[in-house]
Amino acid sequence: MLTTAQTAYETLVAKARELGLLSSCSALLAWDEQTSMPTGGSTHRGEQMALLAGLHHERATDPKIGELLSIVEASDLVAQADSAPAANVRELRRAFERRTRLPRELVEELARTTSLAQQEWIAARRESSFPRFAPWLEKVVRLKRQEGDCLATIPDSGSQTGGSHNENARYDALLEDYEPGAKTAELAGLFQALKVELVPLIRQIGEASVRLGRAGSAGDQILRRTYPLERQKVFVEAAASAVGFDFERGRLDVTAHPFCTGIGPGDTRITTRYDQHQFGDAFFGVLHEVGHGLYEQGLPAEHFGTPLGEAASLGVHESQSRLWENAVGRGRPFWSYWFPVARRVFYEALRDVSLDAFLAAVNHVTPSLIRVQADEVTYNLHIIIRFELEQALLSGDLPVGELPSAWNQKYGETLGIAPGSDAVGCLQDIHWSAGLVGYFPTYTLGNIYAAQLFARAKSELEGLDGSLERGQSAELLSWLRSAVHRHGQCYRPRTLIERATGAPPDPSYLVAALRQKYEELFGL
Ligand code: ZN
């Protein structure tokens, strides 16, 4: 019997929705594992997760999907490049090719190796022993090379230039998992342009901090006073709710490592951790996860399970968290409204603190060793270092054994500091042990996109600062809904940013915003 293109498309969508439901069951189990599962449940949970992953893989690689895709691709349904069927088919094809190109043995070997490598990484970090981790990193790098080589053969449906046939082909192919359409050479250009501006800016901020008596730990001492946990919880929930996080369609819980997970339409979960002597941890951590959560809550529910109902990329996702955490949440307009509230809630800690002193503290900059604790400005250098090193590991230019010395050298050159041990050096992140190569750059891409989106929102929304000063951000959220959230994966990240802001991704918006902020705060 002849299958019409329309029927084929509807079958594809139905299959995608079922896969989406399976993934959301796994996401809910993973959330539960982090928030409430008793430790005794871990073996059983592992079996549940493995079964769901197996079912998902089996259905997602069903050859029938390839046949249905071919039928729709040959029809008029996909004639308009940004129509719903065309965008869905483009991204479903991409996902299908990536899943089916990899030999089963390689997938299984990667799963087995990264699971063991993560355990070895935990032990190696605890002992600060790189030699213990090195053989495992060696194995992971070898497998990621094989993976990159397999995936590099896929023709690139989203770009005019076709598949990558160059020295970056492997890394390009791995980037696709996190930032579809991004190319190594393009990112290298963006990051280099950012680095040459950030290095002198950080030096200038450092000199101003010394002049103002705010260098080192004096700079954010205010934030380490006593902030009672119960009050932090109330305050941060009020702020989350005020910026638009919908607690009827989401929740906030406590975990060791904060995250956001979109379970599905109407159910977005974020987490945080509280420390009574670190005001910024929970507050900015929650604003960050709220930014991710607002994106999830703003995805079109009617497209759940299909690419049009999913976030464009990790970089775009991160742009939403950084926009609320940094562009809004560390700005003067935001605190003009919230600081008087904070002073009433945390009277003992803040009664002798001015708005200016508070703003200086939440924007404190100091080169540090640990990425996840880094400030808004130096953070990007941590990422650029990792971006350069992981390419060198993948290409073989950097032998695994020489990673610690290369790492330390780069920290010296760019941040002027040297790790005292590998635990606070090249062993600090979980990513490589988990096989996540190509993931790091999405953090800085997120910062670049965030500054560019915020600059555009400011120019389109007259009086945005005034609204923020009155504690109102609804117009900013609806701008983001319309510029970013509602599109799902209709456009590739680069195109999405270009359509939203009128220009391709460009780090100069981030540099300009940082420079202006620190000129105002510290009189550079
Ligand atoms: Zn994030």
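Residues numbered from 1 in each chain as written. Predicted model: local features only at pLDDT ≥ 70, side-chain atom pairs only at ≥ 80, totals over all residues. Heavy atoms only, no water.

A. Structural view of the coordination of the zinc ion. Bound to the zinc ion are the protein donor atoms His288 (NE2), His292 (NE2) and Glu318 (OE), situated 2.1 to 2.3 Å from the metal. Along the chain, the residues that donate to the zinc ion are spaced as H-x3-H-x25-E. You can see His288 and its partner His292 sitting in helix H10 (residues 279–298), four residues apart, about one turn around the helix. Neither residue differs from the other here; His288 and His292 are each classed as buried. (Donors = N, O, S within 2.8 Å, 3.2 Å for Na, K, Ca; no water. Helix = DSSP H or I, 4+ residues; strand = E, 2+ residues; numbered from the N terminus. Buried < 20%, exposed > 50% of the residue type's maximum accessible area, 1.4 Å probe, protein only.)

B. Main features of the packing of helix H9 (residues 229–242) against H10. Direction vectors running N to C along H9 and H10 enclose 25°, while the axes themselves pass 10 Å from each other. Taken together, the axes of H9 and H10 lie roughly parallel to each other. For the pair H9 and H10, the crossing hand works out as right-handed. Taking contact as the criterion, the partners of Gln232, Phe235, Val236, Ala239 and Ala240 in H9 are, on H10, Phe279, Ala282, Phe283, Val286 and Val290. Here the residues of the contact of H9 with H10 are counted per class, giving nine nonpolar, one polar and no charged. (Axes fitted to C-alpha atoms, helices over the stretch in contact; angles between N-to-C directions. Parallel < 35°, antiparallel > 145°, perpendicular 65-115°, else oblique. Left-handed = near helix turned anticlockwise from the far one by under 90°. Contact = heavy atoms within 4.5 Å. Nonpolar A, V, L, I, M, F, W, Y, C, P; charged D, E, K, R; others polar.)

C. A look at the packing of aromatic side chains. Under the defined criterion, the tally for this structure stands at 29 aromatic pairs. Residues Tyr227 and Phe346 carry aromatic rings whose centres are separated by 5.2 Å and whose planes lie at 70° to one another, so their mutual orientation is edge-to-face. A residue pair is termed long-range when its members are at least 10 positions apart, and Tyr227 in the loop between helix H8 (184–211) and H9 and Phe346 in the loop between helix H12 (332–345) and helix H13 (347–350) qualify at 119 residues. The exposure classification of Tyr227 matches that of Phe346, with both residues buried. (Phe/Tyr/Trp six-rings, centres within 6.5 Å; stacked < 30°, edge-to-face > 60°.)

D. How the structure looks around the domain arrangement of the chain. Its domain assignment divides the chain into domain 1 (2–149), domain 2 (152–179) and domain 3 (185–522). Here domain 1 and domain 2 have C-alpha centroids that lie 18 Å from each other. Here domain 1 and domain 2 share an interface that buries about 1100 Å² over both sides, 46% of which is from carbon and sulfur atoms. In terms of surface lost to domain 2, no three residues of domain 1 exceed Arg98, Arg101 and Asp149, which account for 45% of the buried area on that side. Among the ionic pairs, Asp177 bridges to Arg98, the shortest N-O distance being 3.1 Å. At the junction of domain 1 and domain 2, the tally comes to six residue pairs in polar contact (both at pLDDT 80 or more). Going through the elements one at a time, helix H4 (84–101) and helix H6 (130–151) are the ones with two or more residues in the side of domain 1 that touches domain 2. Here the side of domain 1 that touches domain 2 is composed, by residue class, of no nonpolar, one polar and nine charged. (Domains from an automatic or database assignment. Buried area = accessible area lost by both parts, 1.4 Å probe. Salt bridge = Lys/Arg side-chain N within 4 Å of Asp/Glu carboxyl O. Polar contact = N/O pair within 3.5 Å; in protein donor to acceptor, adjacent residues only side chain to side chain.)

E. Layout of the nonpolar core. Counting residues in hydrophobic clusters, the biggest one holds 120 residues, and the most contacted among them are Phe283, Trp335, Leu350 and Phe358. Considering every element that reaches this core, the biggest residue donor is helix H15 (residues 379–395), with 10 residues. Sequence-distant contacts of Trp335, defined by excluding residues within four places in its chain, comprise Phe235, Phe279, Phe283, Phe284, Gly329, Arg330, Pro340, Ala342, Leu355, Phe358, Leu359 and Val362. Of all hydrophobic cores here, the second largest spans 12 residues; its members include Val13, Leu68, Leu92 and Phe96. (Core = buried A, V, L, I, M, F, W, Y, C linked by side-chain atoms within 4.5 Å.)

F. Looking closely at the sheet that holds strand S3 (residues 267–272). The mixed open sheet is built from three strands, whose spatial order is S1-S3-S2. Edge positions in the sheet fall to strand S1 (250–254) and strand S2 (260–264), since each of these pairs with one other strand and no more. Pairwise comparison of adjacent strand axes, ignoring direction, gives a mean angle of 20° for this sheet. Sheet analysis places S1 next to S3, joined by five bridges and oriented parallel. When the sheet's bridge partners are listed, Asp253 is paired in S3 with Thr271. The strands touched by H10 are S1, S2 and S3; relative to S3, the strand with the most contacts, the crossing angle is about 165°. (Pairing = 2+ DSSP bridges.)

G. Highlighting the pattern of salt bridges. Counted according to the given criterion, the structure contains 35 salt bridges. Note that Arg330 is salt-bridged to Glu325, the shortest N-O span being 3.2 Å. Residue Arg330 shares its accessibility class with Glu325, and that shared class is buried. The structure contains a network of salt bridges with shared partners spanning Arg90, Glu91, Arg94, Glu176 and Arg492.

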